[in-house]
Amino acid sequence: MQATARNFQEEKLIDLKAFHTFGEMKVGLEQRLGDKHQYSPGVHLVIDIGTKQLNSRQVRELEDVLLDRGMHLKEVLSSASIRPDSMKTEIETAFSGMPGYGETVLICRHLRSGQRFFSPGNLVILGDINPGAEVIAVGNILVMGALKGVAHAGYLGDESAVIAAYRLNPTQLRIANHITRPPDGEKVMVREPEMARIRTGKVVIEKLKI
């Protein structure tokens, strides 16, 4: 069984893996966007930077380039960490002991209400998932921020998948076919990283040691 294609806003992929520096990436992006037939206002773009590393300021600069042309940055794909070594270590530590998947999609931004993202493997978000936003992964989900929206791990039925966040306060959690949500009206004060997993057929929340 294969994951279904994303049926969200119109999106296109721009491949910037061949560029070595951020300056070259930015110029290359601007040149690609000059093709009005390929990239029109309103399109949502996915930028693949390969094994390169970007910081949050550089990601915002790329986003500004798109916004100036009426386009939107949907996500940045990288096979390397986008944060310093300490953040890379935290990600690796958090994923240790989790079920393994060959592919990890990395998103370096906050997700707003109405945004929806899918990963055919693991999904790592370096930012917050705000109420009204949704993330879906065939594998595990790790949020290096606050998870306040909807998260669905183990999309194809893997009950060993987990959802972890620095601040786990979701609208809804789903692992495989198991769904849980906070009781209506209840406010939960989360002060430490937590992880959701399936135990004895139920979604349980545990402390996450990082």
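Just above, that's the structure.
Quick summary incoming for the structure in this document. (Residues numbered from 1 in each chain as written. Predicted model: local features only at pLDDT ≥ 70, side-chain atom pairs only at ≥ 80, totals over all residues. Heavy atoms only, no water.)

## Focus: the nonpolar core
Working step 1: In terms of nonpolar packing, the biggest core is built from 31 residues, with Leu29, Leu33, Leu45, Ile47, Leu54 and Leu66 touching the most fellow members.
Working step 2: Secondary structure elements with two or more residues in this core: helix H1 (22-32), strand S2 (44-48), helix H2 (56-67), strand S3 (72-77), strand S8 (141-147) and strand S10 (163-168).
Working step 3: Among the elements that take part in this core, H2 stands out by supplying four residues, more than any other.
Working step 4: Ignoring anything within four residues of it in the chain, the contact list for Leu29 reads Ile14, Leu16, Ile47, Leu62, Val65 and Leu66.
Working step 5: Listed in part, the 24 residues of the second largest apolar core include Val135, Ile163, Leu173 and Ile175. (Core = buried A, V, L, I, M, F, W, Y, C linked by side-chain atoms within 4.5 Å. Buried < 20%, exposed > 50% of the residue type's maximum accessible area, 1.4 Å probe, protein only. Helix = DSSP H or I, 4+ residues; strand = E, 2+ residues; numbered from the N terminus. Contact = heavy atoms within 4.5 Å.)

## Thoughts on the environment of Val105
Working step 1: Mapped onto the fold, Val105 is located in strand S4 (residues 104-107).
Working step 2: Overall, Val105 belongs to the buried group, its relative accessible area being 7%.
Working step 3: Placed 12 residues apart in sequence, Val105 and Phe117 show a C-alpha to C-alpha distance of 9.9 Å.
Working step 4: The contact partners of Val105, leaving out residues within four places of it in the chain, are Glu75, Leu77, Ser119, Pro120, Asn122, Leu123 and Val124.

## Overview of the sheet that holds S2
Working step 1: Taken together, the three strands give an open sheet; going across it, the order is S1-S2-S3, and neighbouring strands pair in parallel fashion. The open sheet has two edge strands, strand S1 (11-15) and S3, and neither has a second partner. Pairs of neighbouring strands in the sheet enclose a mean axial angle of 25°, with direction left out of account.
Working step 2: With five bridges joining them, S2 and S3 adopt parallel strand pairing. Paired with His44 across the strands is His72, a residue of S3. (Pairing = 2+ DSSP bridges. Axes fitted to C-alpha atoms, helices over the stretch in contact; angles between N-to-C directions.)

## Notes on H1
Working step 1: Within H1, burial applies to Phe22, Met25, Gly28 and Leu29. Down the axis of H1, the buried set is contained in an arc of 120°. They therefore lie on one face. (Arc of directions from axis to C-beta.)

## Some words on the pairing of strand S14 (residues 202-207)
Working step 1: Relative to S14, strand S13 (residues 194-199) runs antiparallel, the two sharing six bridges. By the bridge assignment, Met195 is partnered in S14 with Glu206.
Working step 2: In textbook terms, the turn of a hairpin is the stretch between consecutive antiparallel strands, and for S13 and S14 this stretch comprises two residues, one of which, Thr200, has a positive phi near 50°.

## As for the sheet that holds strand S6 (residues 122-125)
Working step 1: With mixed pairing, six strands are arranged side by side in an open sheet as S4-S6-S8-S10-S13-S14. Only two strands of the sheet have a single partner each, and these edge strands are S4 and S14. Each strand axis lies, on average, 25° off the axis of its neighbour in the sheet, ignoring direction.
Working step 2: Bridge count between S6 and S8: three bridges; the pairing is parallel. Its bridge partner lying in S8, Ile125 is registered against Val143.

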